[in-house]
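Report on the structure
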Amino acid sequence: MPLSFVLDPPVDRHLRDGVLSLWTDVTNAGGAVGFVPPVTPDDIRPQWVQHLAALNDGRMRLLAGYDEDGAVAATSFIAFNSHRLMTHWVWLYTVMVHPRHQGKGYGRELLAATEKAVTGLPGIEAIRLTCRGGAGLERFYASCGYQEVGRVPGGIRIAEGDDRDDVFMLLPLCSAA
């Protein structure tokens, strides 16, 4: 059963608990979403609060995917640029699909729903994201239409002696042509 996507869902206890649980479970399953396992929801909470502040200020939007039970099963955070020379593209952050839903095509659905949401935003011509090298994420994003446009070798330090490339990906939007 496909996920149900909601752009800018109400920020309530259900969303908070769902995102914290999702982020914790994705991280602890080895997902490259800004933390290194093991983590608890309390470890994630400060980053969630930063995202909430950006949502509240209009600097970011949230696309949440809900499974058939109504649980938060996927997210992408769309961040607007504040630099006046870069307002024609957005950043995509914290792209997650719950581990129990891996392999069902939900990651592609999430990116397609994100692209659709962003395409409707005035003046936005592209989506940029970064991903952690060495996890196969570049291939996944490329298969969804993103192009690798840059790479910082060893730009992400997982642990002492475990550095990964910071890979920059870009999706030009069709409406920008």
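Preceding this section is the structure that the text describes.
Residues numbered from 1 in each chain as written. Predicted model: local features only at pLDDT ≥ 70, side-chain atom pairs only at ≥ 80, totals over all residues. Heavy atoms only, no water.

Some details on the overall build of the protein chain
- Within the protein chain one finds four helices and seven strands.
- Written out in order from the N terminus, the α and β elements of the protein chain read β-α-α-β-β-β-α-β-α-β-β.
- Reported as C-alpha extents along the three principal axes, the dimensions of the protein chain are approximately 40 × 40 × 30 Å.
- Going through the 177 residues of the protein chain one by one, you find that 41% of them count as buried.
- Counting every atom, the protein chain has about 9,200 Å² of accessible surface; 53% of that belongs to carbon and sulfur.
- Side chains of the protein chain carry 16 positive and 20 negative charges; the gap between the two charge centres is 2 Å. (Helix = DSSP H or I, 4+ residues; strand = E, 2+ residues; numbered from the N terminus. Buried < 20%, exposed > 50% of the residue type's maximum accessible area, 1.4 Å probe, protein only. Areas by Shrake-Rupley, 256 points an atom, 1.4 Å probe, with all protein chains shown as cover. Lys, Arg positive; Asp, Glu negative; His and termini not counted. Charge placed at Lys NZ, Arg CZ, Asp CG, Glu CD.)

A look at the pairing of strand β7 (residues 162–172)
- Judged from the seven bridges that link them, strand β5 (residues 126–132) and β7 form a sheet pairing that is antiparallel. Note that in β7 the partner of isoleucine 127 across the bridge is leucine 171.
- The hairpin formed by strand β6 (residues 147–159) and β7 contains two residues between the paired strands, and glycine 161 there has a positive phi angle of roughly 85°. (Pairing = 2+ DSSP bridges.)

So, the side chain of asparagine 81
- On the secondary structure map, asparagine 81 appears in the loop between β3 (72–80) and β4 (89–97).
- Polar contacts involving the side chain of asparagine 81 include one to the main-chain carbonyl oxygen of methionine 86, which spans 2.8 Å.
- A polar side-chain atom of asparagine 81 sits 2.6 Å from the main-chain carbonyl oxygen of tryptophan 89.
- Each residue touching asparagine 81, except ones within four places of it in the same chain, is listed here: Met86, Thr87, Trp89, Val90 and Trp91. (Polar contact = N/O pair within 3.5 Å; in protein donor to acceptor, adjacent residues only side chain to side chain. Contact = heavy atoms within 4.5 Å.)

Regarding the layout of surface pockets
- By volume, the largest pocket amounts to about 930 Å³.
- As for the largest pocket, its lining consists of 38 residues, of which Ala32, Val33, Val95, Leu137 and Tyr141 are closest to the centre.
- Of all the secondary-structure elements, those providing two or more residues to the lining of the largest pocket are α1 (13–28), α2 (41–57), β4, α3 (106–119), β5 and α4 (137–143).
- Top contributing element to the lining of the largest pocket by residue count: β4, with six residues.
- Here the residues of the lining of the largest pocket are counted per class, giving 21 nonpolar, 13 polar and four charged. (1 Å grid on protein atoms, 1.4 Å probe; cavity = no way out; pocket = protein on both sides within 12 Å on 5 of 7 lines; lining within 4 Å. Points joined across faces, edges and corners; volume = space filled by probe spheres on them. Nonpolar A, V, L, I, M, F, W, Y, C, P; charged D, E, K, R; others polar.)

Details of α1
- The end-to-end C-alpha distance of α1, which contains 16 residues, comes to 22 Å, matching closely the 22 Å that a straight helix rising 1.5 Å per residue would cover.
- All buried positions along α1 are accounted for by Leu15, Gly18, Val19, Leu20, Leu22, Trp23, Thr24, Val26 and Thr27.
- Against the buried residues of α1 lie α2, β2 (60–66), β3 and β4.
- Regarding α1, its N-cap is aspartate 12, as a side-chain oxygen of that residue lies 3.3 Å from the backbone nitrogen of histidine 14 further along.
- Backbone geometry just downstream of α1 places glycine 30 in the positive-phi region, at approximately 100°. (Expected span 1.5 Å × (residues − 1).)

Brief notes about the packing of α1 against α2
- Contact pair α1 / α2: the axes reach a minimum separation of 9 Å and the direction vectors enclose 120°. Judged by the inter-axis angle, α1 sits oblique to α2. Handedness of the α1/α2 crossing: right-handed. Touching Leu15, Arg16, Val19, Leu20, Trp23, Thr24 and Thr27 of α1 are Pro41, Ile44, Arg45, Gln47, Trp48 and His51, all from α2.
- Broken down by class, the residue content of the contact of α1 with α2 amounts to seven nonpolar, four polar and two charged. (Axes fitted to C-alpha atoms, helices over the stretch in contact; angles between N-to-C directions. Parallel < 35°, antiparallel > 145°, perpendicular 65-115°, else oblique. Left-handed = near helix turned anticlockwise from the far one by under 90°.)

So, the environment of aspartate 166
- In this structure, aspartate 166 sits in strand β7.
- For the pair aspartate 166 and serine 76, spaced 90 residues apart in sequence, the C-alpha separation works out to 19 Å.
- Leave out the neighbours within four places in its chain, and aspartate 166 touches Thr130, Cys131, Gly150, Arg151, Val152, Gly155 and Ile156.

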